[in-house]
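# A structural walkthrough
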Amino acid sequence: MEFNENQTETVPVAETVAAVAKPELVNGSHAVIRSLIEEGVETIFGYPGGAIMPVYDAIYDYQDQIDHILVRHEQGAAHAAEGYARVSGKVGVCLVTSGPGATNLVTGIADAIIDSTPLVCVVGQVAAHLLGTDAFQETDVIGITIPITKWNYQITRADEIPEIMAKAFYIAKSGRPGPVLIDITKNAQNELMSREFTYKKCENLISYRPRLSPKVEQVEAAAKLINEAKKPFIFVGHGVRISHAENELLQFIEKTDIPAASTLLGLSSVSVDHPNYVGWLGMHGNYGTNVLTNQCDLIIAIGMRFDDRVTGDVNRYAKQAKVVHIEIDPAEIGKIVKADAPVVGDAKLALEMLLPLVKENSHKEWIAEFKKFDAIEDEKITQPELAPTTEKIKMAEVIRTLSNKTNGEAVVLADVGQHQMMTARYYQFKKPGSFITSGGLGTMGYALPAAFGAKVGAPDREVVAFIGDGCFQMTIQELGTIAQSGLPVKIIILNNNFLGMVRQWQQLFHQKRYSFVELQNPDFITIGKGFGIDGHTCSVREDLNASLDKMLASDKPYLLEVIVEKEENVFPMVPTGACVSDIRLE
């Protein structure tokens, strides 16, 4: 038979339609990873195990599109994701298995909810038919995490995955950010979807509508109080950073000439060099900011929640002042301190609306009041800390020297305790988004994995973690994660061989009855080298400059241990239950 090149093979119409119409079906595991890619996720922090193994198998096929970082403990995954989210402004993602894998995330999830950090935690679960049977590594992680998540959901069918993942990211990052947990049964990971995978990002939910743009009448009422005030005082909270409102805040401060102080998590939103910046609020904050809280006539609280570490005894807190409270979470307004002018909405949008309504003003005499208290604090506390006559190195020296060497522009992480308060006091923050710490939960062990996550999120910035010897041993295994990555995270252990903050309280309030606070520490530098991380110990003041230079010059991870004064206390201090104006200088 002669071949005709124009002749084509006839295919039955039914077969052609079937071939065209046949959808490409993927299983649930691939749907999970493709959902993450659709959301723009570049990095996952996780640890594999039996109930999440199908998803890990799927990651193998997408390694050119998404990076997975193997932590050494699931708590490390949560904190690393927090550090990544805090510095990048993106949603942090964790991936772990069921049972102990899931429960090991709980501390990090609790930390994220109280510090408003957006996380999506994807957790494996036993197959749906085994739920409730106490199967191997089955835990009711949904029940456990209801109080500490913005939303959680258990997926039992592959077809649910795209829609639920889209909702998870929307809820995690919208309104007041926070953690979301998605529990996926193993059968849902393995089975094929019944339809072709498609992904549509969630833009709104009928049952969840956070207010971003404040009501005009609320903003107008706030502006009226601001324009009438003689001694107004701005409180800068974490919400300023979350909404990227630093520029709007700066314009607001400079137009109104109002002094501004920050909460712990608000640090770095206003440069310490700004003439209107008067310091840090709260238990170990500055002298003037605390005393004059009880003398101002108006508090303008922006993205903060009046927690107990800021207010002290709330019954004696700023009773003379009216309050403007700008806050995206309506549940926080009036919860602790009554607001005379509540403004519900995003801090950036609220400030944009306020700017044309507030008058240009001058508060030079009021700002001068803060300077008087600064002079007293400088003489009694700051200078003795920075230029000590003691033999041992003081924490303040290490922190301020590092601040000078990095021009106040590094991403600085602090763990929890005395060194955290000292870091807040003595690092001179000059660049927004530079301070990351565990605020509301006060999680020891936070800084080491969070510093790694921050370096992943901001690879071009210097990242330095200040960690106490007690905190360091909480998550010391994450040295393995840092070493394997090779990222140049700089770690400074301020070692006083004590659980320092607990010891301080026992000294001041429990007649020096030091109950289980002294530590017999290991050789941290040898342990670091065992992981493959170089480092050294500095124990004399004369070596401090060179030690910090050596650490900063390294293009690899580096561990610097500084032996500091053993029984040093952090002052100023507002004792628990005291009034902020009763702050102690010694």
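Residues numbered from 1 in each chain as written. Predicted model: local features only at pLDDT ≥ 70, side-chain atom pairs only at ≥ 80, totals over all residues. Heavy atoms only, no water.

### Re the overall build of the chain
Using the following cut-off: Runs of E in the DSSP output that reach at least two residues are strands. Runs of H or I that reach at least four are helices, and both are numbered from the N terminus. Within these notes, the globule rule equals 2.2 Å times the number of residues to the 0.38 power, and the radius of gyration is based on C-alpha atoms. In this scheme, a residue with accessible area under 20% of its type's maximum is buried, one over 50% is exposed, and one in between is partly exposed, where area comes from a 1.4 Å probe on protein chains only. Throughout, a residue-residue contact means that at least one pair of heavy atoms, one from each residue, lies within 4.5 Å. Computed with the Shrake-Rupley method and a 1.4 Å probe, the accessible areas treat only the protein chains shown as cover for residues. The charge count treats Lys and Arg as positive and Asp and Glu as negative. His and the chain ends do not count. Each charge is placed at NZ for Lys, CZ for Arg, CG for Asp and CD for Glu.
Tallying secondary structure elements over the chain gives 24 helices and 18 strands in all. For a compact globule of 586 residues, the expected C-alpha radius of gyration is about 25 Å, and the chain comes in at 27 Å, within 12% of that figure. Based on the C-alpha atoms only, the size of the chain along its principal axes is roughly 105 × 60 × 55 Å. For the chain, the proportion of its 586 residues judged to be buried stands at 58%. In the chain, the share of contacts with a sequence separation of at least 24, taken over all contacts with a separation of at least 6, comes to 77%. Accessible surface computed for the chain: about 24400 Å², of which carbon and sulfur atoms make up 50%. Charge separation in the chain, taken as the distance between the mean sites of 54 positive and 73 negative side-chain charges, equals 7 Å.

### Description of the sheet that holds strand 4 (residues 119-125)
Operational definition: Strand pairing is defined by DSSP finding a minimum of two bridges between the two strands. Only C-alpha atoms enter the line fits that serve as axes; for helices the fit covers just the stretch in contact. Angles between N-to-C directions range over 0 to 180 degrees.
Taking strand neighbours across the sheet as the criterion, the six strands line up as 2-1-3-4-6-5 in an open arrangement whose pairing is parallel. Because the sheet does not close on itself, it has two edges, and the strands there are strand 2 (67-70) and strand 5 (151-155). Here the average twist between neighbouring strands, direction ignored, is 20°. With five bridges connecting them, strand 5 and strand 6 (residues 179-185) associate as parallel partners. When the sheet's bridge partners are listed, Tyr-153 is paired in strand 6 with Ile-182.

### Observations concerning the nonpolar core
Keep this limit in mind: Among buried residues, those of type Ala, Val, Leu, Ile, Met, Phe, Trp, Tyr and Cys that are joined through side-chain atoms within 4.5 Å constitute a nonpolar core. Bear in mind that the domain bounds are from an automatic or database domain assignment.
Membership of the largest hydrophobic core comes to 95 residues, with the highest contact counts inside it found for Ile-234, Ile-299 and Ile-492. Structurally, this core is a two-domain feature, drawing no fewer than three residues from each of domain 2 (216-369) and domain 3 (391-564). Contact partners of Ile-492, with chain neighbours within four places excluded, come to Val-398, Leu-402, Val-464, Ala-465, Phe-466, Ile-467, Leu-548, Met-551, Leu-560 and Val-562. Counting residues in each nonpolar core, the second largest holds 50 residues, with Phe-45, Ala-80, Ala-451 and Val-463 among its members.

### Some words on the UniProt feature "domain: Thiamine pyrophosphate enzyme N-terminal TPP-binding" (unreviewed entry) in the chain
Short version of the rule: UniProt positions are given in the numbering used here, feature names are shortened, and annotations may be inferred rather than shown by experiment.
Per the UniProt entry, the sites bearing "domain: Thiamine pyrophosphate enzyme N-terminal TPP-binding" (unreviewed entry) are residues 27-142 in this numbering. Helix makes up 41% of residues 27-142 and strand 17%. Its end C-alpha atoms lie 23 Å apart.

### Brief notes about the domain arrangement of the chain
Keep this limit in mind: By convention, the term buried area covers the 1.4 Å-probe accessible surface removed from two parts as they join, with the contributions of both added. Should a side-chain nitrogen of Lys or Arg be within 4 Å of a carboxyl oxygen of Asp or Glu, the pair is scored as a salt bridge. Polar contacts, as used here, are pairs of N or O atoms within 3.5 Å; protein pairs need one atom able to donate a hydrogen and one able to accept it. Residues neighboring in sequence count only if both atoms are side-chain atoms.
On domain assignment, one finds that the chain holds domain 1 (28-190), domain 2 (216-369) and domain 3 (391-564). When each unit is reduced to the centre of its C-alpha atoms, the spacing between domain 2 and domain 3 is 31 Å. Both sides of the domain 2 and domain 3 interface together cover about 1400 Å² of buried area, and 67% of this is carbon and sulfur. When residues of domain 2 are sorted by the area they lose upon contact with domain 3, Leu-264, Ser-268 and His-284 head the list and together hold 37% of the total. Where domain 2 touches domain 3, the interface holds one salt bridge. For Asp-273, the salt bridge is made with Lys-430, and the minimal N-O distance between the two is 3.8 Å. Taken together, domain 2 and domain 3 are joined by three residue pairs in polar contact (both at pLDDT 80 or more).

### Considerations on the pairing of strand 3 (residues 92-96)
Moving residue by residue along a regular strand, the side chains alternate between the two faces of the sheet. Across the five residues of strand 3, five count as buried, placing the element largely inside the fold. Two elements, strand 1 (residues 43-46) and strand 3, share two bridges in a ladder whose sense is parallel. What sits directly across from Gly-46, in strand 3, is Leu-95. By the bridge criterion, five bridges tie strand 3 to strand 4 in an arrangement that is parallel. Following the sheet pairing, Val-96 is matched in strand 4 by Val-123.

### A look at helix 18 (residues 418-426)
For helix 18, the buried fraction is high: nine of the nine residues fall into the buried class. For helix 18, every residue scored as buried is listed here: Gln-418, His-419, Gln-420, Met-421, Met-422, Thr-423, Ala-424, Arg-425 and Tyr-426.

### Notes on the packing of aromatic side chains
We count it as follows: Two aromatic rings from Phe, Tyr or Trp, using only the six-membered ring of Trp, form a pair when their centres are within 6.5 Å; if the ring planes differ by under 30 degrees the pair is stacked, by over 60 it is edge-to-face, and anything between is tilted. Criterion for a charge above a ring: Arg CZ or Lys NZ at most 6 Å from the ring centre, at most 35 degrees from the ring normal.
Tallied over the full model, the rule gives 16 aromatic pairs. Ring centres of Phe-45 and Tyr-84 lie 6.0 Å apart, and the angle between their planes is 65°; this geometry places the pair in the edge-to-face category. Of the two residues, Phe-45 sits in strand 1 while Tyr-84 sits in helix 4 (residues 74-88), which places them 39 residues apart along the sequence. As far as burial versus exposure is concerned, Phe-45 and Tyr-84 are alike and both buried. What links up through ring pairs into an aromatic cluster is the set Phe-233, Phe-235, Phe-306, Tyr-317, Trp-366 and Phe-370. One Lys or Arg, Arg-503, reaches over the ring of Phe-498 and ends 5.8 Å from the middle of that ring.

### Considerations on the pattern of salt bridges
Under the defined criterion, the tally for this structure stands at 25 salt bridges. Between Lys-394 and Glu-568 there is a salt bridge, with the nearest N and O atoms lying 4.0 Å from each other. Placement of the pair is Lys-394 in the loop between helix 16 (364-386) and helix 17 (395-405) and Glu-568 in the segment after strand 18 (558-563), with a sequence separation of 174 residues. On the basis of relative accessible area, Lys-394 is assigned to the buried category, the value being 10%. Exposure remark for Glu-568: the relative accessible area of 2% places this residue in the buried category.

### Considering helix 16
We apply this condition: Any helix carries an expected span of 1.5 Å times its number of residues minus one.
Under the 1.5 Å per step criterion, the end-to-end length of helix 16 is only 29 Å for 23 residues, more than 12% shorter than the ideal 33 Å. Within helix 16, burial applies to Trp-366, Ile-367, Phe-370, Phe-373, Glu-377, Ile-381, Thr-382 and Glu-385. Where helix 16 is buried, its residues meet strand 7 (232-236), strand 9 (277-280), helix 13 (287-291), helix 17 and helix 18.

### Let's talk about the packing of helix 17 against helix 24 (residues 544-553)
Packed helices, taken two at a time, are described by the angle between their axes plus the distance between the axes. Operational definition: Geometric relationships in this document are graded by angle, where less than 35 degrees denotes roughly parallel, more than 145 denotes roughly antiparallel, 65 to 115 denotes roughly perpendicular, and other angles denote oblique. Working rule for handedness: look at the near helix, and if it is turned counterclockwise from the far one by less than a right angle, call the crossing left-handed; if clockwise, right-handed. Charged residues are taken to be Asp, Glu, Lys and Arg, nonpolar residues to be Ala, Val, Leu, Ile, Met, Phe, Trp, Tyr, Cys and Pro, and polar residues to be all remaining types, Gly included.
Running from N to C, helix 17 and helix 24 cross one another at 50°; their axes reach a closest spacing of 11 Å. With respect to helix 24, the axis of helix 17 lies oblique. When the axes of helix 17 and helix 24 are compared, the crossing they make is right-handed. Along the contact surface, helix 17 presents Glu-397, Val-398, Thr-401, Leu-402 and Lys-405, while helix 24 presents Leu-544, Asn-545, Leu-548, Asp-549, Met-551 and Leu-552. Residues belonging to the contact of helix 17 with helix 24 are distributed by class as follows: six nonpolar, two polar and three charged.

### Description of the UniProt feature "domain: Thiamine pyrophosphate enzyme TPP-binding" (unreviewed entry) in the chain
The UniProt entry lists residues 415-562 under the feature "domain: Thiamine pyrophosphate enzyme TPP-binding" (unreviewed entry), expressed in the numbering used here. Taken as a whole, residues 415-562 contains 40% helix and 17% strand, while its terminal C-alpha atoms sit 15 Å from one another.

### Concerning the sheet that holds strand 7
With parallel pairing, six strands are arranged side by side in an open sheet as 9-8-7-10-11-12. Two strands close off the open sheet at either side, each with one partner strand: strand 9 and strand 12 (341-344). The mean inter-strand angle of the sheet, taken between neighbouring strand axes irrespective of direction, is 15°. Strand direction decides the pairing type here: strand 11 (residues 322-327) and strand 12, joined by four bridges, are parallel. Paired with Ile-326 across the strands is Val-343, a residue of strand 12. Relative to strand 12, helix 10 (residues 216-228) is tilted by about 135°, and along the sheet it contacts strand 10 (298-302), strand 11 and strand 12. Packed onto the sheet, helix 12 (residues 246-256) meets strand 7, strand 8 (260-262) and strand 10 and runs at close to 165° relative to strand 7.

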